[in-house]
Amino acid sequence: MSPDLAQLQGLEERYLMRTYKRAPVEFVRGEGASLWDADGREYLDFLAGISVCSVGHCHPDVVAAVRDQFGRLAHVSNLFYTEPMVRLAERLAESSLGGRVFFANSGTEANECAIKVARKHAHGRGIAEPEIVSFESDFHGRTYGSLAATPGLAASETLGPMLPGFRSVPFDDAGALREAVGANTAAVLIEPIQGESGIHPLGDETLAAAREACDETGALLILDEIQTGIGRTGSLWAYEQTPVRPDLITAAKALGGGYPIGACITSAEAGEVLEPGDHGSTFAGGAVAAAAALAVLEIVDTPELLRGVREQGAALRAGLEALDGVEEVRGRGLMIGAGLAEDIDAAAVGADLLQRGLVVNVPAPRTLRLLPPLVVDAEQIERAVALIGESLHDAL
Ligand code: PLP
């Protein structure tokens, strides 16, 4: 017999490092925007594995692509060619900055590649001690390069010393950013819409200031699209809805539809920086991950699906705005943060919603984060808004 939840928790306590506080539910199956727990109870998933399962759980096309590729050839390493890997690079580059792609296995690794490109590019411009500038509440990942660009976490003394060459300025402060970018700046590395801090879009003026400052100094503009990319905001890339074109973008999360993959995508110029020996990965760009990502892009990168994201996002936003207890709704497309009234315990609301059968998350005090699959329908949006309304009603 399979272990029950209490037994799983006992095994976790004994064998897993204590890095996560898991919610008390064991999921065993998923389909579209639905999840089922071990007791057969259905949940509406408005988190999608933190913006990963964007085409819904177990999309038949992604399942078929993974099964087919794994059944023929799973892995050969980057010492050889496979067609899915090269085709995916073509598709990602042609859909964005037109340069080159380095594959990774996660978001943080995609950013590591971008950081290497930026540092080497800066050394090529004669900068001995290159610096990367980010915003104070940015999140770029947990490996040491990305961590150093994630000021809230880099402040940890117990994980130090941190990698040198990183600095941060207050969020969305165009003036402070312009002042920070100077002769030693290798890159500005920022999220177009902050995800982990609680869904905070960057103003267009600040993005434009970042682009200008980079152009003036020769620094690279890197947009971390790990949470915003692959259709989440209603365009394939979030930057398409802004006035700027970055020099690099990083992607991960939704790219593989549940299969781990990341990518660092460059402009033509930035694509020439890394050479053999500068970077590498055993697993990255593996044929199965690439096949999954190609299947995901076939589904997401269509005008119909992207229009659906904008329409359902508008409906979700309107529904939330009408609820008592919601003070503001932030975000774009289906990347939504609901700012709750001060007297509401957002963590308790998140836990209560799980009890009611709706999966969301609370990344910051007073914030519910909603990242439903991009294939979510109007009825599911209505149901989620109704559940949030009931929960807030009881909390007020
Ligand atoms: N960058 C952003 C904007 C993210 O939201 C995340 C993860 O939440 C990361 C980087 C790190 O990605 P990963 O957890 O796949 O390493």
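As the structure is a prediction and not an experimental result, all values here were calculated from the model. (Residues numbered from 1 in each chain as written. Predicted model: local features only at pLDDT ≥ 70, side-chain atom pairs only at ≥ 80, totals over all residues. Heavy atoms only, no water.)

(A) Structural view of the site of the ligand. Surveying the vicinity of the ligand reveals 13 residues, the closest of which are Gly107, Thr108, Asp224, Gln227 and Lys253. One of the side-chain nitrogen or oxygen atoms of Glu196 is found 3.4 Å away from an oxygen atom of the ligand. Separating an oxygen atom of the ligand from a side-chain N or O atom of Gln227 is a distance of 2.7 Å. Coverage of the ligand by the protein chains reaches 81% of its 390 Å² of free accessible surface. (Near = heavy atom within 4 Å. Polar contact = N/O pair within 3.5 Å; in protein donor to acceptor, adjacent residues only side chain to side chain. Areas by Shrake-Rupley, 256 points an atom, 1.4 Å probe, with all protein chains shown as cover.)

(B) The environment of Val76, seen in detail. Here Val76 lies in the loop between helix H3 (60-72) and helix H4 (83-94). The partly exposed category is assigned to Val76, whose relative accessible area is 27%. For Val76 and Thr282, which are 206 residues apart along the polypeptide, the C-alpha to C-alpha distance reads 9.0 Å. Residues within four places of Val76 in sequence aside, it is in contact with Tyr81 and Thr82. (Helix = DSSP H or I, 4+ residues; strand = E, 2+ residues; numbered from the N terminus. Buried < 20%, exposed > 50% of the residue type's maximum accessible area, 1.4 Å probe, protein only. Contact = heavy atoms within 4.5 Å.)

(C) Focus on the side chain of Ser391. Structurally, Ser391 is set in helix H13 (residues 378-395). Not counting chain neighbours up to four residues away, the residues in contact with Ser391 comprise Val349, Asp352, Leu353 and Arg356.

(D) Inspection of empty space enclosed by the protein at higher detail. Here the structure, examined in full by the defined rule, presents one cavity of 30 Å³ or more. Space inside the largest cavity adds up to approximately 70 Å³. Val76, Ser77, Gly285, Gly286 and Ala287 are the residues nearest the centre of the largest cavity, which is lined by 13 residues in total. Split by residue class, the lining of the largest cavity holds six nonpolar, seven polar and no charged. (1 Å grid on protein atoms, 1.4 Å probe; cavity = no way out; pocket = protein on both sides within 12 Å on 5 of 7 lines; lining within 4 Å. Points joined across faces, edges and corners; volume = space filled by probe spheres on them. Nonpolar A, V, L, I, M, F, W, Y, C, P; charged D, E, K, R; others polar.)

(E) Region of the structure containing the sheet that holds strand E14 (residues 335-340). Across the sheet, which stays open at both edges, the four strands sit in the order E13-E14-E17-E16 with antiparallel pairing between neighbours. Looking at which strands have only one partner, the edges of the open sheet turn out to be strand E13 (326-332) and strand E16 (361-364). For this sheet, the mean angle separating the axes of adjacent strands, direction not counted, is 30 degrees. Pairing analysis gives six bridges linking E13 to E14, with the strands arranged antiparallel. Paired with Val329 across the bridge in E14 is Ala338. Against the sheet, helix H11 (residues 303-321) engages E13, E14 and strand E17 (367-370), with an angle of about 165 degrees to E13. (Pairing = 2+ DSSP bridges. Axes fitted to C-alpha atoms, helices over the stretch in contact; angles between N-to-C directions.)

(F) Local environment of the packing of H11 against H13. Orientation of H11 relative to H13, taken along the N-to-C sense of each, is 20 degrees, at an axis distance of 10 Å. Taken together, H11 and H13 sit at an angle that is classed as roughly parallel. The two elements H11 and H13 cross, and the hand of that crossing is right-handed. When H11 is examined against H13, the residues Gln312, Ala315, Leu316, Gly319 and Leu320 are found in contact with a partner set consisting of Ala378, Ile381, Val385 and Ile388. When the residues that make up the contact of H11 with H13 are grouped by side-chain class, the tally is seven nonpolar, two polar and no charged. (Parallel < 35°, antiparallel > 145°, perpendicular 65-115°, else oblique. Left-handed = near helix turned anticlockwise from the far one by under 90°.)

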